[in-house]
Amino acid sequence: MSTNYWLLKSEPTAFSIEDLKNAPKKTSCWDGVRNYQARNFLRDSIKKGDKVFFYHSNAEPSGIAGTAEVVKEGYPDHTAFEPDDQHFDAKSDAKNPTWYMIDIKYEETFPRVLSLEELKHVPALTDMVLLQKGSRLSVQPVTKKQWEAICKLAQK
DNA sequence: GCCAACGTTGGC
DNA sequence: GCCAACGTTGGC
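Residues numbered from 1 in each chain as written. Chains lettered and ligands numbered in written order. Predicted model: local features only at pLDDT ≥ 70, side-chain atom pairs only at ≥ 80, totals over all residues. Heavy atoms only, no water.

Q: For the protein's contact with DNA strand C, give the residues involved together with the corresponding values.
A: Contacts to DNA strand C come from K9, Y55, S57, N58, S62, L116, K120 and R136. Taking the atoms of DNA strand C that fall within 4 Å of the protein, sugar and phosphate contribute 61% of them. Between K120 and DNA strand C, the recorded distance is 2.9 Å, taken from a side-chain N or O atom to a phosphate oxygen. R136 places a polar main-chain atom, nitrogen or oxygen, 2.7 Å from a phosphate oxygen of DNA strand C. (Near = heavy atom within 4 Å. Polar contact = N/O pair within 3.5 Å; in protein donor to acceptor, adjacent residues only side chain to side chain.)

Structure follows, in structure tokens:
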């Protein structure tokens, strides 16, 4: 099975790539996704061994900060069942979970953040989901071609 | 902090 | 099933 590529958004004030790097085993669950389209990717499409870009949103600047690898495929997001959790969802049922999460492991931090502004000017990336007008998906697919173009750009 | 764009909710 | 109102995302 071939590797697929993804982009995960996070506000660095909530959880940054540095937080992932400093986590035990450099691994963390990716919880709190409460959007059905993003949930479907987490539950159905993202596989162990897939690669992800770690995107910092609402940041200075917003952009791709580095990469990580999927180490655990979709499983129920338990934070949905915890009333004290910020991501609690009273309507979800532990016996038939609505929300899913994955585990990712830190791979690398790019020498510099590839800002949204910079990415917009890369011809190979014009079709990227991230760059579409009004795109808010916090879990989104990335093509191999886009992945390679971005990794190459990061090393410049 | 503003606000455009999108997603969700709920009345009908 | 429509759609207005509301809530959220996320760039700026």
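Q: Tell me what's going on with the protein's contact with DNA strand B, and back it up with residues and numbers.
A: Taken together, Y36, K91, K133, G134 and R136 make up the full set of residues near DNA strand B. The side chain of K133 places a nitrogen or oxygen atom 2.9 Å from a phosphate oxygen of DNA strand B. R136 places a side-chain nitrogen or oxygen 2.6 Å from a base oxygen of DNA strand B. Of the residues in the surface near DNA strand B, the class split is one nonpolar, one polar and three charged. (Nonpolar A, V, L, I, M, F, W, Y, C, P; charged D, E, K, R; others polar.)

Q: Describe the packing of aromatic side chains, listing the residues and the values that go with them.
A: Under the criterion given, the structure shown has eight aromatic pairs. Note on Y5 and W147: the rings are 4.8 Å apart at their centroids and 35 degrees apart in plane angle, and the pair reads as tilted. Here Y5 is found in strand β1 (residues 5–10), whereas its partner W147 is found in helix α4 (residues 144–154), with 142 residues between them in sequence. Of the two residues, Y5 and W147, both sit in the buried class. With a centroid separation of 4.0 Å and 20 degrees between ring planes, the pair formed by F53 and W147 is classed as stacked. With F53 in strand β3 (residues 51–56) and W147 in helix α4, the pair connects residues that are 94 residues apart, well separated along the chain. For the pair formed by F53 and W147, the shared burial category is buried. (Phe/Tyr/Trp six-rings, centres within 6.5 Å; stacked < 30°, edge-to-face > 60°. Helix = DSSP H or I, 4+ residues; strand = E, 2+ residues; numbered from the N terminus. Buried < 20%, exposed > 50% of the residue type's maximum accessible area, 1.4 Å probe, protein only.)

Q: How would you sum up the nonpolar core? Please name residues and give values.
A: Counting residues in each nonpolar core, the largest one holds 21 residues, and the members touching the most others are I46, I102, I104 and V139. Looking at this core, the elements with two or more residues in it are β1, α1 (17–22), α2 (36–45), β3, β4 (63–76) and β5 (100–115). A total of four residues in this core trace back to one element, the largest contributor, which is β5. For I104, the residues in contact, after removing those within four places along its chain, are L8, L20, K26, T27, S28, W30, V52, F54, A68, E69, V70 and V71. One finds Y5, L7, C151 and A154 within the second-largest nonpolar core, a separate group that totals 18 residues. (Core = buried A, V, L, I, M, F, W, Y, C linked by side-chain atoms within 4.5 Å. Contact = heavy atoms within 4.5 Å.)

Q: Outline α2, listing residues and values.
A: Residues of α2 that are buried: A38, R39, F41 and L42. The buried residues of α2 occupy an angular sector of 160 degrees when projected down its axis, which confines them to one face. On its buried side, α2 packs onto β1, β4, β5 and β6 (139–142). A distance of 3.0 Å separates the backbone nitrogen of Q37 from a side-chain oxygen at the start of α2, and that oxygen is part of N35. (Arc of directions from axis to C-beta.)

Q: Residue-level account of the sheet that holds β6, with values.
A: Spatial ordering of the open sheet is given by β2-β5-β4-β3-β1-β6, a layout of six strands whose pairing is mixed. With partners counted over all chains shown, the strands left at the sheet margins are β2 (27–30) and β6, one partner each. With direction set aside, neighbouring strand axes in the sheet form an average angle of 40 degrees. With ten bridges joining them, β4 and β5 adopt antiparallel strand pairing. Within β5, the residue paired with P76 across the bridge is Y100. Along the sheet, α2 makes contact with β1, β4, β5 and β6, crossing β5 at roughly 110 degrees. (Pairing = 2+ DSSP bridges. Axes fitted to C-alpha atoms, helices over the stretch in contact; angles between N-to-C directions.)

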